[in-house]
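One-letter residues, chain by chain:
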Amino acid sequence: ALLAVGATACSNGDDGSGTKDGGSGKKIKLTLVQGMAGEEFYETMACGARAEAARLGVDLKVQGPQKFDSTLQTPIVNSVVASRPDGLLIAPTDTKALIAPLTQAKAAGIKTILVDTVVDDPNIGLSRISTDNAKGGQAAATALTREIGDKGKVLVISSDPGVSTVDARVQGFEQAVKASHPGVQFVGVQYSHNDVGEASKVMNSALAKNPDLAGVFATNLNSATGAGSALQQAGKLGKVKMIGFDAGPAQVKQLRDGVVQGLIAQLPGEIGAKGVDQAVAAVKHQPVTKSIPTDATIVTKDNLDKPEGQKVLYKA
Ligand code: T6T
């Protein structure tokens, strides 16, 4: 039987052997700071990172804030910096707010790798590993406009402005709709603050304002979960089409239930594993790769149960 890969199925990355840094003889110590703890995207990332850390024999700790919130993530970064790991992998929750704490990490000589999200300062992050989010937003526009027969109003529900990934998805989507779909009207972006209940509320008020809404693009897990359940409760299935970013268990259920027509699945496990590779290379003074794009796959009912769909679903 296949091993069910959840947080508990992940190795802790410590097999006792160990890769030593550039001659000091000590085992390399890395910390991954997630955008949010306990969320399927970042837990799948942690799984990939732990497996790679185990393979390379380096020590990896994983931490993250309870909410996707820079005021909660900043003190975690500060305490990680104080603990002086050799390398830090981080998904910064805000393009500006995390610049100062990450500048401190750099000043402390900690090799910093950005996984998933980035900050606006190009001097932060020896390597940046993420999905091409603008391209993902364009793919969402292509899929959604096709679903709605290339006409009608479309809305975007995102988490928060100032988050590099979702902002790029919004931009990619908006530009593609405006450039290539004259029959489609972009009615704007609403923010869920990465909260399922808030995403439902936002969806409901958008439906009240635009009873003829044809489509929704939800830019991440919680935005999609909340928007989808609001559509379901409002009896809008089949009337309003939806494309979501990410492929956690709740999104997959909504795809099976016909709430959402397509999911843009990322490769969080691969992002985590490559993050570990880059951090270890940096600690060993080996070459690093400045920018590493990872793939995205659109999952629909057609490929959901095929290997290509199954292999990109996130861990529960
Ligand atoms: O979409 C992912 C991630 O790429 C984004 O930066 C934040 O939201 C998620 O974690 C999904 O909720």
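Conventions and cut-offs
- Residues numbered from 1 in each chain as written.
- Predicted model: local features only at pLDDT ≥ 70, side-chain atom pairs only at ≥ 80, totals over all residues.
- Heavy atoms only, no water.
- Helix = DSSP H or I, 4+ residues; strand = E, 2+ residues; numbered from the N terminus.
- Buried < 20%, exposed > 50% of the residue type's maximum accessible area, 1.4 Å probe, protein only.
- Pairing = 2+ DSSP bridges.
- Axes fitted to C-alpha atoms, helices over the stretch in contact; angles between N-to-C directions.
- pLDDT = per-residue confidence, 0-100.
- Contact = heavy atoms within 4.5 Å.
- Core = buried A, V, L, I, M, F, W, Y, C linked by side-chain atoms within 4.5 Å.
- Near = heavy atom within 4 Å.
- Polar contact = N/O pair within 3.5 Å; in protein donor to acceptor, adjacent residues only side chain to side chain.
- Areas by Shrake-Rupley, 256 points an atom, 1.4 Å probe, with all protein chains shown as cover.
- Parallel < 35°, antiparallel > 145°, perpendicular 65-115°, else oblique.
- Left-handed = near helix turned anticlockwise from the far one by under 90°.
- Phe/Tyr/Trp six-rings, centres within 6.5 Å; stacked < 30°, edge-to-face > 60°.
- Expected span 1.5 Å × (residues − 1).
- Arc of directions from axis to C-beta.

Novice: Looking at this model, I keep getting lost on unusual backbone geometry. Mind explaining?
Specialist: Excluding glycine, a negative phi dihedral is what most residues carry, and trans is how most peptide bonds are arranged. A positive phi angle is found at Asp150, which is not glycine, with a value near 60°. Checked against the element boundaries, Asp150 lands in the loop between α4 (133–147) and β6 (152–158). Phi angles above zero are rare outside glycine, and His285 is one such case at about 60°. A relative accessible area of 64% places His285 in the exposed class.

Novice: Mind showing me how you'd approach the sheet that holds strand β11 (residues 291–294) here?
Specialist: Sheet strands line up and pair through hydrogen bonds in the backbone, either parallel or antiparallel. Pairing is parallel in the open sheet, where six strands are placed in the order β2-β1-β3-β4-β5-β11. Only two strands of the sheet have a single partner each, and these edge strands are β2 (59–63) and β11. Going across the sheet, the axis of each strand differs from the next one's by a mean of 15°, ignoring polarity. Of the pairings in the sheet, the one linking strand β1 (residues 29–33) to strand β3 (residues 87–90) comprises four bridges and is parallel in character. By the bridge assignment, Leu30 is partnered in β3 with Gly87.

Novice: Looking at this model, I keep getting lost on the confidence of the model for the protein. Mind explaining?
Specialist: Caution applies to low-pLDDT parts of the model: their predicted coordinates are not meant to be read in detail. This prediction gives the protein a mean pLDDT of 94; 92% of its residues lie at or above 70. Counting interchain partners and residues more than four positions distant, the pLDDT-below-50 stretch residues 1–16 has 24 contacts. In the predicted assembly, ipTM is 0.98 and pTM is 0.94.

Novice: In this structure, what is going on with the nonpolar core? I would like to understand it.
Specialist: Nonpolar side chains in soluble globular proteins tend to end up buried together. Among the nonpolar cores identified, the biggest contains 54 residues, and Leu30, Leu32, Leu89, Met203, Met242 and Val276 are the most heavily contacted of them. What Met203 contacts, discounting residues up to four positions off in sequence, is Leu155, Ile157, Leu213, Val216, Ala227, Ala230 and Leu231.

Novice: Would you mind going over the site of the ligand with me for this structure?
Specialist: All residues adjacent to the ligand are Glu39, Phe41, Tyr42, Asp116, Thr117, Thr165, Arg169, Asn220, Leu221, Asp246 and Gln266. Asp116 has a polar side-chain atom sitting 2.7 Å from an oxygen atom of the ligand. One of the backbone nitrogen or oxygen atoms of Leu221 is found 3.3 Å away from an oxygen atom of the ligand. Within the complex, 100% of the 300 Å² of free accessible area of the ligand lies under protein.

Novice: Can you help me understand the packing of helix α6 (residues 196–209) against helix α7 (residues 221–233) in this one?
Specialist: A pair of packed helices is captured by two measures, namely the crossing angle of their axes and the spacing between those axes. Here α6 crosses α7 at 50°, and the two axes come no closer than 7 Å. As the angle between them shows, α6 and α7 are arranged oblique. Pair α6 / α7 crosses with right-handed handedness. Here α6 contributes Val196, Ala199, Ser200, Met203, Asn204 and Leu207 to the contact with α7, which in turn contributes Asn222, Ser223, Thr225, Gly226, Ala227, Ser229, Ala230 and Leu231.

Novice: What am I meant to see in the packing of aromatic side chains here?
Specialist: Aromatic ring pairs: the centre-centre distance and the angle between the two ring planes describe each pair. Per the counting criterion, the structure on display carries six aromatic pairs. Considering the side-chain rings of Phe41 and Tyr42, the 4.9 Å spacing of their centres and the 90° angle between planes classify their relative orientation as edge-to-face. Neither residue differs from the other here; Phe41 and Tyr42 are each classed as buried. An aromatic cluster of three or more residues is present, and its members are Phe41, Tyr42, Phe68 and Tyr314.

Novice: It is not clear to me how α6 should be interpreted in this structure. Could you clarify?
Specialist: Each turn of an α-helix holds 3.6 residues, which means side chains three or four residues apart point in the same direction. Relative to the 20 Å expected for 14 residues at 1.5 Å per residue, α6 spans 20 Å between its end C-alpha atoms, a close match to the ideal helical length. Burial in α6 covers these residues: Ala199, Ser200, Val202, Met203, Ala206 and Leu207. All buried residues of α6 lie within an arc of 165° about the axis, which places them on one face of the element. Set apart from the buried face of α6 by more than 90 degrees, the exposed residues are Lys201, Ala208 and Lys209.

Novice: When you look at the side chain of Asn222 in this model, what are you seeing that I'm missing?
Specialist: On the secondary structure map, Asn222 appears in helix α7. Not counting the four nearest positions on each side in its chain, Asn222 is found in contact with Met36, Asn194, Asp195, Val196 and Ala199.

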